[in-house]
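So you can see what is in the structure, the chains are spelled out below.
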Amino acid sequence: MKRKITLKQIAKELDVSISTVSKALRNSVEISEDTRQKVQAFAKLYNYRPNNIALSLKNRKTKTIGIIIPEIVHYFFSKVITGIELVANKRGYNVIVGLSNESFDKEVINMQMLANGSIDGFILSISKETLQQQDYHHFLETINQGMPIVMFDRVVNEIPCDKVIVDDVKGAKKAVEKLVSSGCKNIAIITTKDYVSVGKLRTQGYLEALEDHKMHPEASMILKIEDKLLSDDDLDKLEAEIEQLFKSNKSIDGIFAVNELYAVTAIKVARTLGLEIPKSLQVVSFTDGVLSKHSTPSLTTVSQHGQEIGEKAADLLINRLEMDEDNEEEEETFETVVIETNLIERESTK
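As the structure is a prediction and not an experimental result, all values here were calculated from the model.

Scoring rules and cut-offs
Numbers given for residues are sequential positions, taken from 1 along each chain in its written order. Where local features are concerned, this predicted model is filtered to residues with pLDDT of at least 70; where side-chain atom pairs are given and counted, the filter is 80 or more; whole-chain, interface and lining totals use all residues. To get the side-chain values, all heavy atoms of the structure are used, and hydrogens and water are removed first. Think of it this way: any DSSP run of H or I at least four residues long counts as a helix, any run of E at least two long counts as a strand, and we number them from the N terminus. By definition, a salt bridge exists where a carboxyl oxygen of Asp or Glu is found within 4 Å of a side-chain nitrogen of Lys or Arg. When DSSP finds at least two bridges between two strands, those strands are taken to pair. Interaxial angles span 0 to 180 degrees and are taken between N-to-C directions of axes, which are lines fitted to C-alpha atoms, for helices over the stretch in contact. Residue contacts follow a heavy-atom distance rule, with two residues in contact if any of their heavy atoms lie within 4.5 Å.

Asker: Give me the lowdown on unusual backbone geometry, citing residues and values where you can.
Answerer: Here the amide bond leading from Ile 277 into Pro 278 is cis, since omega sits at 10°, within 30 degrees of zero. On the secondary structure map, Pro 278 appears in the loop between α11 (260-272) and β9 (282-286). With an omega dihedral of -5°, the bond running from Thr 296 to Pro 297 counts as a cis peptide bond. Following the sequence through the fold, Pro 297 ends up in the loop between α12 (290-294) and β10 (300-303). Even without a glycine there, the phi angle at Thr 287 is positive, about 80°. Relative to the helices and strands, Thr 287 is located in the loop between β9 and α12.

Next comes the structure, spelled out in structure tokens:
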């Protein structure tokens, strides 16, 4: 299927600004007759149609930021929203939160609704279904129509926008290093399927850390879970899969889990099998949330600093929204900010 042409592509081909293209297509008298005809002819030749995501024009600022998150109950995302709101309110902006529930369709619908004159830009973390399908057209169309996006946590390199992430590989290596330094010899990982970007990166960190110590895990020591919003039946299945991991690898003395739910579930299953923590099994997880602090025993975790991620994402978006419009013809450059993780040691490790 022929790829749809965008405002940005027309501007690049004709060596004019996106604003000039937009105005020429609307027959603005600000643009010369010659340029208007040239732009309109080019757009007609390539069958250009305006995106049906109706975006606010630059002179109709709403001073409102749209946030799209995959889960509302996740402690990490609640901390990110706190950080966004803190900065937004200080700088005179409001926020509206949309929930994708890990669904591609809901993510697209949320963006269409909020972009229809309600907001000036988006801060978002991509749904797992979008990552699985690798369909990012709604992000590209939104950006090409002049509305900026900042991605956090789950990001894709193909999208030209500012991003805020943690170094998932480095954070995972810190977690595994802790287990190794505490005497663990047989370290398993409970992770997500590879289409979830952060799970894939954390698995990479686990493998690199073991390689650094000349440790080579068997495939049976890597448990990949179909990560989704979990019902009671799904939680039972998760417990069963983790129980099978222990029964198939009786020598396991360390677990690295890519999120705290997997870690807490692993502790629960291990205790039913008679394993003492941390005496016979040590556990480290990513995400320092409520579960980590209040589990028994409390969890050693890698903290992502969710509030700091939110604050930085809000600053990046608002800075771009308030950028001097005189510079709009310059080539856009985007920033990827990496927030440092740190290890918080608790009772689940020695």
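Asker: Before we move on, could you go through the pattern of salt bridges and cite the residues and values that matter?
Answerer: Under the criterion given, the structure shown has 19 salt bridges. Its salt-bridge partner being Asp 288, residue Lys 293 comes within 3.7 Å of it at the nearest N-O pair. Across the pair Arg 346 and Asp 288 runs a salt bridge whose closest N-O atoms are separated by 2.8 Å. Highlighted residues: Arg 346 in the segment after β12 (342-344) and Asp 288 in the loop between β9 and α12, separated in sequence by 58 residues.

Asker: Go over the sheet that holds strand β8 (residues 254-257), please, and point to the residues and values.
Answerer: Read across the sheet, six strands follow the order β7-β6-β8-β9-β10-β12 without closing on themselves; strand pairing throughout is mixed. With partners counted over all chains shown, the strands left at the sheet margins are β7 (222-225) and β12, one partner each. Each adjacent strand pair in this sheet contributes to an overall mean axis angle of 20°, direction not counted. Where β9 meets β10, three bridges bridge the pair, whose relative direction is parallel. Opposite Ser 285, over in β10, you have Thr 301 as the bridge partner. Its contacts with the sheet put helix α8 (residues 168-181) on β6 (187-192), β8, β9, β10 and β12, and the angle it makes with β9 is roughly 170°. Each of β6, β7, β8 and β9 is contacted by helix α9 (residues 197-212), which is oriented at about 165° to β6, the strand it contacts most.

Read these as spatial facts, not as claims about activity.
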